[in-house]
Amino acid sequence: MNAATNTVSNIESSSTNKKMNLIKFSGRIEKATYDEKSKKRYSLIMTPAKDEYSKPSQFKLRSNQPLGAVGDEIKVITEVSGFIRFFNYPDKNTGEIKQGDNAEVFFDVVEK
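### Notes on the overall build of the protein
In terms of helices and strands, the protein carries zero helices and six strands. For the protein, the sequential pattern of α-helices and β-strands runs β-β-β-β-β-β. Burial analysis of the protein (112 residues in total) assigns 20% to the buried set. For the protein, the share of sequence-separated contacts (at least 6 apart) that also reach a separation of at least 24 residues comes to 44%. Carbon and sulfur atoms form 49% of the exposed surface of the protein, whose accessible area is close to 8300 Å².

Below you can see the structure in the form of structure tokens.
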């Protein structure tokens, strides 16, 4: 596997005529869980490092079906979505209230 296989594309869905942001992942399943409330499966995958001195990246993928067992190497296409969550916090030096933000990003496996 090669880290270069993770690619981003923007295609138009023929059924809905909306643009979809897609990412292709190749990696090894490190952990798999199931959420009863949402009825979704979450797989933590590790992608190969760029080179022997780099750290591998990890991502959490969401799916309806199991992607495999822990230790399995997988290749999947995901649709990317997300939102920005804003929060207020006091500046440590001045006490002034500032606004921070966190990006919530979701990778939903495109299932056939």
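On we go from here.
### Remarks on the side chain of Ser43
Turning to its location among the elements, Ser43 is positioned in strand 3 (residues 40-46). For Ser43, the residues in contact, after removing those within four places along its chain, are Lys31, Ala32, Phe59, Lys60, Leu61 and Leu67.

### Some details on the confidence of the model for the protein
With 83% of its residues at a pLDDT of 70 or more, the protein shows a mean pLDDT of 87. When mean pLDDT is taken per element in the protein, strand 3 scores highest with 97 and strand 1 (residues 7-12) scores lowest with 52. Low pLDDT, under 50, characterises residues 1-5; the stretch is placed with eleven contacts to residues that sit more than four places away or in other chains.

### Thoughts on the packing of aromatic side chains
Tallying each qualifying case throughout the model produces five aromatic pairs. Ring plane angle 85 degrees and centroid distance 5.2 Å describe the contact between Phe25 and Phe107, whose orientation is recorded as edge-to-face. With a gap of 82 residues between them, Phe25 in strand 2 (residues 19-35) and Phe107 in strand 6 (residues 97-109) connect regions that are remote in the sequence. The same class applies to Phe25 as to Phe107, namely buried.

### Looking at unusual backbone geometry
Across the chain, the bulk of peptide bonds are trans and the bulk of non-glycine residues have phi less than zero. A positive phi angle, close to 60 degrees, is found at Lys39, a residue other than glycine. Turning to its location among the elements, Lys39 is positioned in the loop between strand 2 and strand 3.

### A few points about the environment of Gln99
When you line up the elements, Gln99 lands in strand 6. Taking the C-alpha atoms as reference points, Gln99 and Asn88, separated by eleven residues in sequence, lie 4.5 Å from one another. Residues within four places of Gln99 in sequence aside, it is in contact with Phe86, Phe87, Asn88 and Tyr89.

### A closer look at the environment of Ala69
Checked against the element boundaries, Ala69 lands in the loop between strand 4 (58-63) and strand 5 (73-90). Given the relative accessible area of 42%, Ala69 is considered partly exposed.

### Here we look at the pattern of salt bridges
With the rule as written, the count across this model stands at five salt bridges. Of the charged contacts, one joins Lys39 and Glu36 as a salt bridge, the two residues approaching to 3.5 Å between their closest N and O atoms. A relative accessible area of 47% places Lys39 in the partly exposed class. Where Glu104 meets Arg85, a salt bridge forms, and the shortest distance between an N and an O atom there is 3.6 Å. One end of the pair, Glu104, is in strand 6; the other, Arg85, is in strand 5, with 19 residues separating them in the sequence.

Criteria and cut-off values
- Note that residues are indexed from 1 along each chain, following the sequence as it is written.
- For this predicted model, a pLDDT threshold of at least 70 governs which residues receive local features, and a threshold of 80 or more governs which side-chain atom pairs are given and counted, while totals over whole chains, interfaces and linings are taken from all residues.
- Side-chain figures throughout are based on the complete set of non-hydrogen atoms in the structure, without hydrogens or water.
- Helical segments are the DSSP runs of H or I of at least four residues, strand segments are the runs of E of at least two, and each set is numbered from the N terminus.
- Three exposure classes are used, based on accessible area relative to the maximum for each residue type with a 1.4 Å probe and protein chains only: buried under 20%, partly exposed in between, and exposed over 50%.
- In what follows, residue pairs with any heavy atoms lying within 4.5 Å of each other are defined as contacts.
- The protein chains shown are the only cover counted for residues, whose accessible areas, like all others here, come from Shrake-Rupley with a 1.4 Å probe.
- Note on scores: pLDDT gives the predictor's confidence for each residue, bounded by 0 and 100.
- Any Phe, Tyr or Trp ring, taking Trp's six-membered ring, that has another such ring centre within 6.5 Å forms a pair; planes under 30 degrees apart are called stacked, those over 60 apart edge-to-face, and the others tilted.
- Should a side-chain nitrogen of Lys or Arg be within 4 Å of a carboxyl oxygen of Asp or Glu, the pair is scored as a salt bridge.

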